[in-house]
Amino acid sequence: MKRTVTFLLFLSFALSGFSQMRYNQKYQDYIEEYKNLAIYEMLRYNIPASITLAQGLFESGAGQSELCRKGNNHFGIKCHGWTGRKVYHDDDETNECFRAYKDAIESFEDHSKFLSNSQRYSRLFKLRRTDYKGWAKGLKACGYATNPQYANKLIQIIELYQLNQYDHAKKYDKFLAHHSGAIEPAEARIGLHPIHIYNKNYYIHARKGDTFKSIGEETELSYRKIAKYNERNKKDALVEGEVIYLKKKQKKALKQFKNRPHVVKPGESMYSIAQMYGIRLKSLYKKNKLDKDYQIKVGDKLRVY
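Thresholds, definitions, all that
Residues numbered from 1 in each chain as written. Predicted model: local features only at pLDDT ≥ 70, side-chain atom pairs only at ≥ 80, totals over all residues. Heavy atoms only, no water. Buried < 20%, exposed > 50% of the residue type's maximum accessible area, 1.4 Å probe, protein only. Helix = DSSP H or I, 4+ residues; strand = E, 2+ residues; numbered from the N terminus. Pairing = 2+ DSSP bridges. Patch = residues over 30% accessible without salt bridge, like charges linked within 9 Å, V, L, I, M, F, W, Y side chains within 5 Å. Areas by Shrake-Rupley, 256 points an atom, 1.4 Å probe, with all protein chains shown as cover. Salt bridge = Lys/Arg side-chain N within 4 Å of Asp/Glu carboxyl O. Lys, Arg positive; Asp, Glu negative; His and termini not counted. Charge placed at Lys NZ, Arg CZ, Asp CG, Glu CD. Axes fitted to C-alpha atoms, helices over the stretch in contact; angles between N-to-C directions. Phe/Tyr/Trp six-rings, centres within 6.5 Å; stacked < 30°, edge-to-face > 60°. Expected span 1.5 Å × (residues − 1). Contact = heavy atoms within 4.5 Å. Polar contact = N/O pair within 3.5 Å; in protein donor to acceptor, adjacent residues only side chain to side chain.

## Some details on the pairing of strand β2 (residues 96–99)
Of the two faces of β2, the one carrying Glu96 and Phe98 and the one carrying Cys97 and Arg99 are both buried. Bridging between strand β1 (residues 86–89) and β2 involves 4 bridges; their strand directions are antiparallel. Counterpart to Tyr88 in the pairing with β2 is Cys97. Taken together, β1 and the strand that follows it, β2, pair antiparallel across an intervening segment of 6 residues, in which Asn95 is found at a positive phi of about 50°.

## Comments concerning a positive patch on the surface
Taken together, the side chains of Lys225, Lys228, Lys248, Lys251, Lys282, Lys286 and Lys292 present a region of like positive charge at the surface. Of all elements in the fold, only α10 (223–229) and α12 (281–287) reach the threshold of two or more residues within the positive patch. Examined against the element boundaries, Lys225 turns out to sit in helix α10.

## Some remarks on the sheet that holds strand β3 (residues 196–198)
The sheet built from 3 strands is open, its strands ordered β3-β4-β5 with antiparallel pairing. Each of the sheet's edge strands pairs with one partner strand only, and the pair in question is β3 and β5 (243–245). Between one strand axis and the next, the sheet turns through 40° on average, direction left out of account. Pairing geometry for strand β4 (residues 201–205) and β5, over 3 bridges, is antiparallel. Within β5, the position partnered with Ile204 by the bridge is Ile244.

## Here's the deal with unusual backbone geometry
In terms of backbone geometry, most residues other than glycine have negative phi values and most peptide bonds are trans. Phi angles above zero are rare outside glycine, and Asn95 is one such case at about 50°. With respect to the secondary-structure elements, Asn95 resides in the loop between β1 and β2. In this structure, Lys289 is a non-glycine residue whose phi angle is positive, near 50°. Assignment of secondary structure puts Lys289 in the loop between α12 and β7 (301–302).

## Overview of helix α7 (residues 150–160)
Turning to α7, its buried residues are Tyr150, Ala151, Leu154, Ile155, Ile157, Ile158 and Leu160. Downstream of α7 by one or two residues, Gln162 has phi in the positive range, about 55°.

## A look at the pattern of salt bridges
Summed over the entire model, instances satisfying the criterion amount to 13 salt bridges. Its salt-bridge partner being Lys78, residue Glu96 comes within 2.9 Å of it at the nearest N-O pair. Taken together, the positions of Glu96 in strand β2 and Lys78 in the loop between α4 (66–71) and β1 put the pair 18 residues apart, joining distant regions of the chain. The same class applies to Glu96 and to Lys78, which are both buried. Between Lys113 and Glu109 there is a salt bridge, with its nearest N and O atoms 3.7 Å apart. Residue Lys113 and its partner Glu109 are located together in helix α5 (residues 104–116), separated by 4 residues, close to a single helical turn. For Lys113, a relative accessible area of 35% translates into the label partly exposed. Judged by its relative accessible area of 16%, Glu109 falls in the buried class.

## Regarding the environment of Lys265
For Lys265, the position within the fold is in the loop between β6 (262–263) and α11 (270–277). Taking the relative accessible area as the measure of exposure, Lys265 reaches 47% and is therefore partly exposed. Remark: the alpha-carbon pair of Lys265 and Gly299, spanning 34 residues in sequence, is separated by 6.5 Å.

## Observations concerning the packing of aromatic side chains
Using the criterion set out here, one finds 14 aromatic pairs in the structure. Both rings, one in Tyr27 and one in Tyr161, keep their centres 5.4 Å apart while their planes meet at 25°; by these two values the pair is stacked. Here Tyr27 is found in helix α2 (residues 25–45), whereas its partner Tyr161 is found in the loop between α7 and α8 (174–178), with 134 residues between them in sequence. Given a relative accessible area of 7%, Tyr161 falls into the buried group.

## Quick word on α5
Taking 1.5 Å as the rise per residue, α5 with 13 residues should run 18 Å; its terminal C-alpha atoms sit 18 Å apart, in good agreement. Of all the residues in α5, the buried ones are Ala104, Ser107, Phe108, Glu109, Asp110, His111, Ser112 and Leu115. Of the surrounding secondary structure, the elements contacted by the buried residues of α5 are α2, α3 (49–60), β2 and α6 (132–141). Its side-chain oxygen 3.3 Å from the backbone nitrogen of Ile105, Asp103 forms the N-cap of α5.

And the structure:
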């Protein structure tokens, strides 16, 4: 009986941990931001996207580690003959040398080259792309990390977040892949609008004097489509600071808002609320069974998921 109770307690804690980790918003945001870049690298180098994402999540703390923030190093790769910019960080020893990159794209690319160009990891490339367990165990066996639980940690992350679904991908969003890490202005984007990512979309904040046409010229996207994505007329004047999406908006908000209706505040409109959550205005009306002529009131509760 005691053994049964102990097992049930263990199972309860395990499920609790599973739930918390599965819906960790920082992890989810990292996955959304970099999954297209991971797929892009997979199609070029044959490294499972799930492995790349899991390593990035684990090594960088979902992009929050000091090493990632200071040097854009998502994979904890040390200098090892590196001639580029360096940062120093305490790891197995104090003040160790790590590679530093100008952005996430460069970090992901170097990670792919680091594995594919090294004889140490050559046997991993004989595995099937979908064999994420073999890759995780192989990375540990080949000495990628000293943590004895490294392979188990990667496998756990992959299974909790279902990252192995990306190992079957044959295409990716090219714009998102090539603008990953552009959450803040990078050297390559000085003077340009910082690109932000939200709800499977990317957006910018309009600046004074911006038009849909000028934004289209900068992003090399059709300004007519940008206006359409934002449910606006292509000749509409833009207000400084407003959100402009660069891709068709989703039909519902992020999952975290599933049971959290939006409470209307003073000055808000159905359109501003739709932009806030990155969803289509038409979908917002439909979810709440509202006529398009309905005038929302302060205190109204609106479903967004």
